[in-house]
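Next come the chains, spelled out residue by residue.
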Amino acid sequence: MNAIEIKGLTKRYGDLTAVNSLDLTVRQGELFALLGVNGAGKTTTIKMLSCLTRPDGGDALLLGKSVIREAEEVKKLLAVSPQETAVAPKLTVRENLELMAGISGAGKEESKRRIDALSGQLGLEEVLIRPAGKLSGGWQRRLSIAMALILEPKILFLDEPTLGLDVLARSALWEVIRGLKGELTMILTTHYMEEAEELSDRIGVMGAGQLLQVGTAAELKAATGTDTLEKAFIALAKEAAK
Amino acid sequence: MRKAMLLAKRNAKEILRDPLNLFFGLGFPLVLLGLLTAIQSNVPKELFTLDQLAPGITVFGLAFMSLFSATLISKDRTSALLLRLYTTPLRPVDYILGYTLPMVPIALAQTAITLVFGLILGLTWTPRLLLCVLVNLPASLIFIALGLLCGSLLTDKQVGGVCGALLTNLTGWFAGIWFDVALVGGVFAAIAKALPFYHAVELAKAAYAGTLGSALAHLWVVLAWAVGLSVAAVWAFLRQMRKN
């Protein structure tokens, strides 16, 4: 079954068409990376899929639920880990997780169960009682993903999850993301080509609000006659800019 | 309602765990009260009598509620915590209640603490002090609504200027806490009476003095501002929510 089915999704801001009649299908359990230069339409697409922005045209079905007609139902299926760390700084790691678990409707016992499980999975035990605002960038990113996962989503949006992290912290976070593969459907936006190649099953390259090419990293390289994903991306982005 | 309370609890923790908030919100009004009382004890003329000063300073202290609330909301916007929450099943009413409800007990506790400190300094105990706390409720709503409004419209840096500097100065100058605005008269007095702060202070003073019956006109002005600003604040919050 497909996790995401996008048909003719369009968003306009005045004269600017940020996303232009986008068609895309993402399978359940797939990690799909969305690449594009700034202004390509990635963020607007994610905002429409996560019910933050209403499309002007087309529709997207998340596990069969429409982002236009069934936004409340769609919100129960998804979670977002935004580009910014998006944590409550004066709350401890545990309190941040309790907040999100409670918002998803979990009771006290259920929250505890989820926190115990997630702490083990993401290695958060050692920082559970520390204020989130005092954590390093890497730990805050990890907490950010945990705050999304504690909602027990079926679809997870990761918006530039390793932005600004050092090599070690990035590598640690990649391990976390790899560990989630297959469990849930993930949409990853990133500017790091090696991250997309390392983590994703398929990659979509956006430009000027349209999906320019979709495929595995190898397929994108073959389609553009290049030997690296970065060169393939540059070739596609330049073609779109003409 | 349960989800709104979860957010309210989080917001209360964020505010109360900030030492700067505690200093400015609770400490600064007490410092002012202590300082002005000390000055009064050294001058023969009645400038700052506790029965006038303490109720007035409770209203001045409420101005910090706007700063706390607006700073929290604007930071939640810039840190994308709000964006994260907008993708959850929380409803608009949960956000409004979550950001306003925790401010009410904090505001009333601040009033009570200021009055208790007044008692320590020599303010005469009377059960009407409890009434004084109660009549600060509509004034609290004004400042809480201003916090929601500014937090929804401004960045955290702008909030510092508008709520931290402008609002506290407006309250300080036009509320008639340190001097009678009628003594200045003219345009100054007219502005003071057009704004809600002067009326809030008169109400608090009347509650303590036991003359609340003759101060009801002030109550209506304060209530009108509270309702108007609350409507504007909810509109501004929902607008920025849609814009996201």
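Predicted model only: the values in this text are computed from it and were never measured. (Residues numbered from 1 in each chain as written. Chains lettered and ligands numbered in written order. Predicted model: local features only at pLDDT ≥ 70, side-chain atom pairs only at ≥ 80, totals over all residues. Heavy atoms only, no water.)

A. How the structure looks around the nonpolar core. By size, the foremost hydrophobic cluster in this structure holds 131 residues, and its most contacted members are Leu97(A), Leu156(A), Ile203(A), Tyr95(B), Phe143(B) and Phe237(B). Top contributing element to this core by residue count: helix H3 (residues 50-78) of chain B, with 15 residues. If sequence neighbours within four positions are ignored, Phe237(B) has contacts with Ile73(B), Leu82(B), Tyr86(B), Tyr95(B), Ile96(B), Tyr99(B), Leu148(B) and Ser152(B). One finds Ala60(A), Leu78(A), Phe157(A) and Met206(A) within the second-largest nonpolar core, a separate group that totals 27 residues. (Core = buried A, V, L, I, M, F, W, Y, C linked by side-chain atoms within 4.5 Å. Buried < 20%, exposed > 50% of the residue type's maximum accessible area, 1.4 Å probe, protein only. Helix = DSSP H or I, 4+ residues; strand = E, 2+ residues; numbered from the N terminus. Contact = heavy atoms within 4.5 Å.)

B. Just the pattern of salt bridges, in detail. All names here are of chain A. Considering all chains together, one arrives at 22 salt bridges over all chains under this definition. In this structure, glutamate 152 engages arginine 113 in a salt bridge whose closest nitrogen and oxygen atoms are separated by 3.1 Å. With glutamate 152 in the loop between helix H5 (137-149) and strand E7 (155-159) and arginine 113 in helix H4 (residues 108-122), this pair connects stretches of sequence that are 39 residues apart. The class for glutamate 152 is partly exposed, based on a relative accessible area of 40%. For arginine 113, a relative accessible area of 43% gives the class partly exposed. Across the salt bridge formed by lysine 181 and aspartate 201, the nearest N and O atoms sit 3.3 Å from each other. Here the residue lysine 181 occupies a position in the loop between helix H6 (167-180) and strand E8 (185-189), and aspartate 201 occupies one in the loop between helix H7 (193-199) and strand E9 (202-207), the gap between them amounting to 20 residues. Judged by its relative accessible area of 31%, lysine 181 falls in the partly exposed class. Assessed through its relative accessible area of 31%, aspartate 201 is described here as partly exposed. Several salt bridges share partner residues, and in doing so they unite Glu110, Arg113, Arg114 and Glu152 into one network. (Salt bridge = Lys/Arg side-chain N within 4 Å of Asp/Glu carboxyl O.)

C. Spotlight on the sheet that holds strand E2 (residues 16-27) of chain A. All names here are of chain A. The strand order across the open sheet formed by 4 strands is E2-E1-E4-E5, and the pairing between neighbours is antiparallel. Looking at the sheet topology across the chains shown, the edges are occupied by E2 and strand E5 (65-66). In this sheet, E2 lies alongside strand E1 (residues 2-13) in antiparallel orientation, the contact comprising 8 bridges. Following the sheet pairing, lysine 11 is matched in E2 by valine 19. (Pairing = 2+ DSSP bridges.)

D. Molecular detail of a nonpolar patch on the surface. Nonpolar side chains collect at one region of the surface, where Leu35(B), Ile39(B), Val43(B) and Leu47(B) lie side by side and expose about 330 Å² of accessible area between them. Position of Ile39(B) among the secondary structure elements: in helix H2 (residues 19-41). (Patch = residues over 30% accessible without salt bridge, like charges linked within 9 Å, V, L, I, M, F, W, Y side chains within 5 Å. Areas by Shrake-Rupley, 256 points an atom, 1.4 Å probe, with all protein chains shown as cover.)

E. Geometry of the packing of aromatic side chains. Here the structure, examined in full by the defined rule, presents 14 aromatic pairs over all chains. For the ring pair Tyr99(B) and Phe237(B), a centre distance of 6.0 Å and an interplane angle of 50° mean the geometry is tilted. With a gap of 138 residues between them, Tyr99(B) in helix H5 (residues 92-100) and Phe237(B) in helix H12 (residues 216-243) connect regions that are remote in the sequence. Judged by relative accessible area, which is 2%, Tyr99(B) ranks as buried. Pairwise contacts between aromatic rings join Phe23(B), Phe24(B), Phe28(B), Phe60(B), Phe64(B) and Trp178(B) into one cluster. For Arg142(A), the ring lying beneath its charged end belongs to Trp139(A), and the centroid distance is 4.9 Å. (Phe/Tyr/Trp six-rings, centres within 6.5 Å; stacked < 30°, edge-to-face > 60°. Lys NZ or Arg CZ within 6 Å of the ring centre and 35° of its normal.)

F. Looking closely at the state of the cysteines. All names here are of chain B. Applying the stated criterion to the full structure yields 0 disulfides over all chains. For cysteine 150, which is in no disulfide, the shortest distance to another cysteine sulfur is to cysteine 163 and amounts to 3.6 Å. Given the relative accessible area of 10%, cysteine 150 is considered buried. (Disulfide = S-S within 2.5 Å.)

G. Region of interest: the interface of chain A and chain B. Between chain A and chain B, the residue contacts involve 32 residues of the former and 22 residues of the latter. The contact between chain A and chain B buries some 2,300 Å² in all, and 61% of this surface belongs to carbon and sulfur atoms. On the chain A side of the interface with chain B, the three residues burying the most area are Leu52(A), Lys90(A) and Ile103(A), jointly 30% of the side's total. At the junction of chain A with chain B, the criterion picks out 2 salt bridges. With a closest N to O distance of 2.7 Å, Arg17(B) and Glu95(A) form a salt bridge. Between the two partners, chain A and chain B, sit 13 residue pairs in polar contact (both at pLDDT 80 or more). Elements with a minimum of two residues in the side of chain A that touches chain B: helix H2 (71-75), strand E6 (78-81), helix H3 (93-103) and H5 of chain A. (Buried area = accessible area lost by both parts, 1.4 Å probe. Polar contact = N/O pair within 3.5 Å; in protein donor to acceptor, adjacent residues only side chain to side chain.)

Read these as geometric descriptors, not functional statements.
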